[in-house]
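What follows is the residue order along each chain.
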Amino acid sequence: MGRHGWNSGARRWRLTALLGVGAAALALVVTLLNTLPGDGGSTAGTTRDGDKVHGTPVTPPDTPQPAVGWGFTHTQFSADEGSDAAVERAEGLLEKQSLPQNQHIMGWGAGNPEPSKGRYDFSEMDRRIDFIRKSGGTPTVTLCCSPDWMKGGKSGTTDWSQSALETAPDRAHYKDFAALAATVAKRYPDVRHFIVWNEFKGFWNDSEARWDYEGYTELYNLVYKALKKVDKDIMVGGPYLVMDSFDPRQTENASTTLKGTWGAMDQRVLDAFDYWNKNKAGADFVVVDGSSYTNDDDMLPNEFAATDKLTAVGKWVREQTHDLPLWWAEYYVEPADGNDDRKGWSETHRAAVQAAGMIAMVKGGASSGFYWNPEEEKGTDCAGCLWTPTDSAGGGKELPMYGLVSRFSKEFPPGTTYRTVAIAADDVPNVRVLATDKTVLVINILDRSISAKVDGKRFEMGAYEVKWLTR
């Protein structure tokens, strides 16, 4: 089977959600159907024993911890397929530093896990989990999206159009989705962390122009209970809301309390979060995603200062949840173009702003985050990717973003104690810094060389340089 799903992040989804029913209807005109053989009820390629343990699970820790650290999400294309030499090279790269690796159960590289009720096809999901195991990663699973028969489609068929993939299960099938989640947990017993759904996809209340937080929370609670029934030690989190913000001058739907020079939060998002938080059956960690820029792609007052939003949002979420471990399932600091690509910055510029964003998340209380890896299927150039595409024997080579994510994961794992370091007064506006007893991360936020003095050391930094110091 081929790669499935949309390789997009938060921005494309937000546009779809807010355009509503009209855009969804238009999208159906370009629907692409991937139909199993037969008349729509075929069970070819499926099995009833979906909950049979797959492969050789990695022995999980006796008591899993709710924070996993800093890693990445597999998207439509990844290193589980391609040239053997390239795949092995990527695996070897990842084996050097164990990273949390996240995979969705349907879409973003995984096929339909349950094409017909009670009939399963985990072939592509199995391959991704095998890759995570072999490369030494900590596996996490995002429980999205849902089979067609749970949302009004035909049993035995799969509509891979964006509008169909981003449709939530019908309420009558919430329990079926929870049962699917339990099946996934039984199949991969070494997966100890599950995120429920993705960005409230399909949970938009058109009549009231707000999020359908009641529907999402009902689904979340059923999934939470189903997973805990499989194993009480499984870690579950949500709500994976997109933390949208507006230009500071906008007043409609803008929060009057959670705001800054970066903008003002969308109050409808905060209301949805508040409802889930007060009515959830439980949570071992809390999950959000979002961008440093506004919903109009404005980076206020600039791309580095805009990352302060991630700190403000993190602090607000931790206050509401009484300091539950905070995960960022996705985070974006570079606006996308009309094709949802982020290719407008140099790799040096991109890495510097990403590093500033990660520092901002830590300062907001986050202990885990997943870089949305925009991997390409072919070629040698891959803006913002972790490694070069694995289609050819020369692929699977480390790219600058992998160096940043892996080093950040190594130096700042969950439970890290952070320290304050001295910065020369003249250098304060020019650098962003994060430090422990052993390491200092320094970022030059200017597009020119500087001479900086940090932690008592004077050194030169190139434009947008990211520098690691040993204390």
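Because the structure is predicted, anything quoted here is derived from the model rather than measured.

1. Focus: the sheet that holds strand β12 (residues 263–266)
The sheet built from 3 strands is open, its strands ordered β10-β12-β11 with antiparallel pairing. What marks the edges here is a single partner per strand, and that holds for β10 (245–246) and β11 (254–260). The pairing of β10 with β12 spans 2 bridges and is classified as antiparallel. Bridged to S245 within β12 is M265. Together, β10, β11 and β12 form the strand contacts of helix α8 (residues 267–279), whose direction differs from that of β12 by roughly 45°.

2. Quick look at the pairing of strand β4 (residues 138–143)
With 5 of its 6 residues buried, β4 lies for the most part within the structure. The pairing of strand β3 (residues 100–104) with β4 spans 5 bridges and is classified as parallel. By the bridge assignment for β4, N102 is matched with T140. Sheet topology places β4 next to strand β6 (residues 193–196); 4 bridges connect them, and they run parallel. Bridging from a neighbouring strand, L143 pairs with V196 of β6.

3. Let's talk about the packing of aromatic side chains
In the structure shown here, the tally under the stated rule is 26 aromatic pairs. Consider the rings of F177 and W197, whose centres lie 5.4 Å apart with planes at 80°: the pair is edge-to-face. With F177 in helix α6 (residues 174–187) and W197 in the loop between β6 and β7 (204–205), the pair connects residues that are 20 residues apart, well separated along the chain. As far as the burial class goes, F177 and W197 line up, both buried.

4. Quick word on the UniProt feature "domain: Glycosyl hydrolases family 39 N-terminal catalytic" (unreviewed entry) in the chain
Using the residue numbers shown here, the UniProt feature "domain: Glycosyl hydrolases family 39 N-terminal catalytic" (unreviewed entry) corresponds to residues 118–333. Along residues 118–333 the backbone is 34% helical and 24% strand, and the end-to-end C-alpha distance reaches 41 Å.

5. Regarding the environment of F122
With respect to the helices, strands and loops of the structure, F122 is situated in the loop between β3 and α4 (123–134). Separated by 72 residues in the primary sequence, F122 and G50 place their C-alpha atoms 7.5 Å from one another. Aside from chain neighbours lying at most four places away, what touches F122 is G50, P113, L180, T183, V184, R187 and Y188.

6. Examining the side chain of T307
Take T307: it is sitting in the loop between β13 (285–291) and α9 (308–320). For T307, a relative accessible area of 0% puts it in the buried group. Within the structure, T307 has its side chain in polar contact with the backbone oxygen of F304 (distance 2.6 Å). Within the structure, T307 has its side chain in polar contact with the side chain of R432 (distance 3.4 Å).

Quick notes on the rules
- Residues numbered from 1 in each chain as written.
- Predicted model: local features only at pLDDT ≥ 70, side-chain atom pairs only at ≥ 80, totals over all residues.
- Heavy atoms only, no water.
- Pairing = 2+ DSSP bridges.
- Helix = DSSP H or I, 4+ residues; strand = E, 2+ residues; numbered from the N terminus.
- Contact = heavy atoms within 4.5 Å.
- Axes fitted to C-alpha atoms, helices over the stretch in contact; angles between N-to-C directions.
- Buried < 20%, exposed > 50% of the residue type's maximum accessible area, 1.4 Å probe, protein only.
- Phe/Tyr/Trp six-rings, centres within 6.5 Å; stacked < 30°, edge-to-face > 60°.
- UniProt positions renumbered as here; feature names shortened; annotations may be inferred.
- Polar contact = N/O pair within 3.5 Å; in protein donor to acceptor, adjacent residues only side chain to side chain.

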